[in-house]
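# Structural characterization, general
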Amino acid sequence: MNAHEEHFAGSNKLFTSIWVWLLILTVIEIFLAYKPMPLHFMLVVLLGLSLIKAALIIAYFMHLKFERLSLILTIIPMLVVCICLLFVFFPDSFRSSDLRYKFKETAPVPAAEEH
Amino acid sequence: MSTEARAQHFPAADWDGGVLPYRVGHRKLGMWLFIVSDSLTFSALLIGYSYLRASNVWPTPFPFYPSIVFSSVMTFCLLSSSLTMVFGVSASSRGEKDKARKWILATIFFGVAFIVLHLIEWRHLIHEGLQPFSLPAHWVSTFTAPDGTLPSPLFGATFFAITGLHMFHVATGAIYLAVVAARVKKLKHEDVEISGLYWHFVDLVWMFVFPLIYIMSVDVGGALAK
């Protein structure tokens, strides 16, 4: 298996710089948590940053960038498609949000009685 | 892509037997397939959490200290453990088994630190009164919507299920790495690399759990402290 042992590409310097980038992106995420902004916008930005971090980890730490293209094509696209298929549940989630019983505006807030 | 270039990338002879079609051993391919299926488990949990969150009034109770400080330090631990693991695999690929063992032990140290910090963080929340199917009373009164709708009691269920399953993966990974570190001289390089794949996957999952569970639930205005 010597062919494999020569196979491990990437220097420690490269991996350290990836680590620094991951830390920077994490600090940006924590910073964003305290910026007032619309919830949807924040969700999109956070998920975008997370996807970048995931891509960095998969490509460099998990070494997939240096593997054969056929392995990448076998693993990644079907995973992405399967995860996207799970999104079919969200319309139902928004629907049940509207179906929820709403208290009348005049009704006292139940938990407020504790004060 | 020209026909010749394609033939170079995807030679049909790859599938005639006698060679490893993906140029990785079957154990490593097996770990990749496990990682794909485990990704789907976590995706399903996170999407279930998002489903509940979108269809309910959801509390956002995490204060800067202890929750965000702890989870940020935990993120730092996991990212650093991934780096030490890469160094370990890299040393192993050069045949420096002793060095590889030291780096793997450093990885286990960061992994255990993650678990300890996470358990302390869990204890804070449990002491505050958070349970899988009920919220602390002062959370309920603070986060009740203006129209009187109560916040979802499933906050604890999603929180403990997702972070708990992730913590279980970290614990399993630490044990796995301990076995690899103990036997590193007998193992082939590829086996060390496979344990690294698992460890990076655990790190990868946290990159989604941290923003979705922690960052999205920060108590920005300090509503609970009032």
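Check the entry above for the structure.
If you're wondering where the values come from, they're calculated on a predicted model, not measured in any experiment.

### A short note on the overall build of chain A
- Scanning chain A from terminus to terminus reveals five helices and zero strands.
- Each helix and strand of chain A, placed in order from N terminus to C terminus, yields the pattern α-α-α-α-α.

### Points about the overall build of chain B
- Each helix and strand in chain B was counted, giving seven helices and zero strands.
- Counting from the amino terminus, helix and strand elements in chain B follow one another as α-α-α-α-α-α-α.
- Taken against the 2.2 N^0.38 rule, which gives 17 Å for 226 residues, the C-alpha radius of gyration of chain B at 22 Å runs more than 25% over that of a compact globule.
- Oriented by its inertia axes, the alpha-carbon framework of chain B measures out at about 70 × 45 × 25 Å.
- For chain B, buried positions account for 39% of its 226 residues.
- Put simply, 78% of the contacts in chain B that link residues at least 6 apart link residues at least 24 apart.

### Points about the environment of S55(B)
- Turning to its location among the elements, S55(B) is positioned in helix α2 (residues 26-55).
- S55(B) gets classed as partly exposed once you count the C-beta atoms within 10 Å, which come to 19.
- Note: C-alpha distance between S55(B) and F160(B) (105 residues apart in sequence) is 19 Å.
- Among residues more than four places away in sequence, those in contact with S55(B) are S93(A), S96(A) and S97(A).

### Topic: the interface of chain B and chain A
- On the side of chain A, 50 residues touch chain B, which itself brings 50 residues to the contact.
- Of all elements in the fold, only α2, α3 (64-93), α5 (137-143) and α7 (189-214) of chain B reach the threshold of two or more residues within the side of chain B that touches chain A.
- If you tally residues by element for the side of chain B that touches chain A, the top one is α3(B), at 12 residues.
- When grouped by side-chain class, the residues that make up the side of chain B that touches chain A number 30 nonpolar, 15 polar and five charged.

### Observations concerning the nonpolar core
- Ranked by size, the top nonpolar core spans 65 residues in total, and within it I104(B) and V205(B) carry the most contacts.
- Sorting the residues of this core by element identifies α2 (12-33) and α3 (39-61) of chain A together with α2, α3, α4 (97-128), α5, α6 (155-182) and α7 of chain B as the ones contributing at least two each.
- The element best represented in this core is α7(B), accounting for 16 residues.
- Ignoring any residue separated from it by four or fewer positions in sequence, one finds I104(B) in contact with G88(B), L177(B), V180(B), A181(B) and V184(B).

### Quick look at the packing of α2(A) against α3(B)
- Packing of α2(A) against α3(B) leaves a shortest axis separation of 10 Å and a crossing angle of 170°. Accordingly, the angle class assigned to the pair α2(A) and α3(B) is roughly antiparallel. Note on packing geometry: the crossing formed by α2(A) with α3(B) is right-handed. Every residue of α3(B) that contacts α2(A) at N12(A), F15(A), T16(A), W19(A), L22(A), L23(A), T26(A), I30(A) and A33(A) is listed here: I68(B), S72(B), T75(B), F76(B), L79(B), L83(B), V86(B), F87(B) and S90(B).
- Classifying every residue of the contact of α2(A) with α3(B) by side-chain character gives 12 nonpolar, six polar and no charged.

### What about α3(B)?
Residue and element names in this part refer to chain B.
- Compared with the 44 Å implied by 1.5 Å per residue over 30 residues, the 42 Å span of α3 between its first and last C-alpha is a close match.
- Within α3, 21 of the 30 residues are buried, which leaves it mostly tucked inside the rest of the structure.
- Directly beyond the C-terminal end of α3, a positive phi value near 85° is found at G95.

### What about the packing of α2(B) against α7(B)?
Residues and elements named next belong to chain B.
- It is at 10 Å that the axes of α2 and α7 come closest, and there the two elements cross at 15°. Classified by the interaxial angle, the pair formed by α2 and α7 is roughly parallel. Relative to α7, α2 is oriented so that their crossing is right-handed. Where α2 approaches α7, its residues R27, K28, M31, I35, D38, F42 and L46 are matched on the opposing element by E190, E193, I194, L197, Y198, F201, V205, F208 and L212.
- By residue class, the composition of the contact of α2 with α7 is 11 nonpolar, no polar and five charged.

### Some remarks on α4(B)
- With 32 residues, α4(B) extends 47 Å from end C-alpha to end C-alpha; this agrees with the ideal 46 Å at 1.5 Å per step.
- Once α4(B) finishes, G129(B) follows within two positions and takes phi at roughly 115°, a positive value.

What counts and what doesn't
- Residues numbered from 1 in each chain as written.
- Chains lettered and ligands numbered in written order.
- Predicted model: local features only at pLDDT ≥ 70, side-chain atom pairs only at ≥ 80, totals over all residues.
- Helix = DSSP H or I, 4+ residues; strand = E, 2+ residues; numbered from the N terminus.
- Rg over C-alpha atoms; globule rule 2.2 N^0.38 Å.
- Buried ≥ 20, exposed ≤ 12 C-beta atoms within 10 Å, placed from the backbone.
- Contact = placed C-beta atoms within 7 Å.
- Nonpolar A, V, L, I, M, F, W, Y, C, P; charged D, E, K, R; others polar.
- Core = buried A, V, L, I, M, F, W, Y, C linked by C-beta atoms within 7 Å.
- Axes fitted to C-alpha atoms, helices over the stretch in contact; angles between N-to-C directions.
- Parallel < 35°, antiparallel > 145°, perpendicular 65-115°, else oblique.
- Left-handed = near helix turned anticlockwise from the far one by under 90°.
- Expected span 1.5 Å × (residues − 1).

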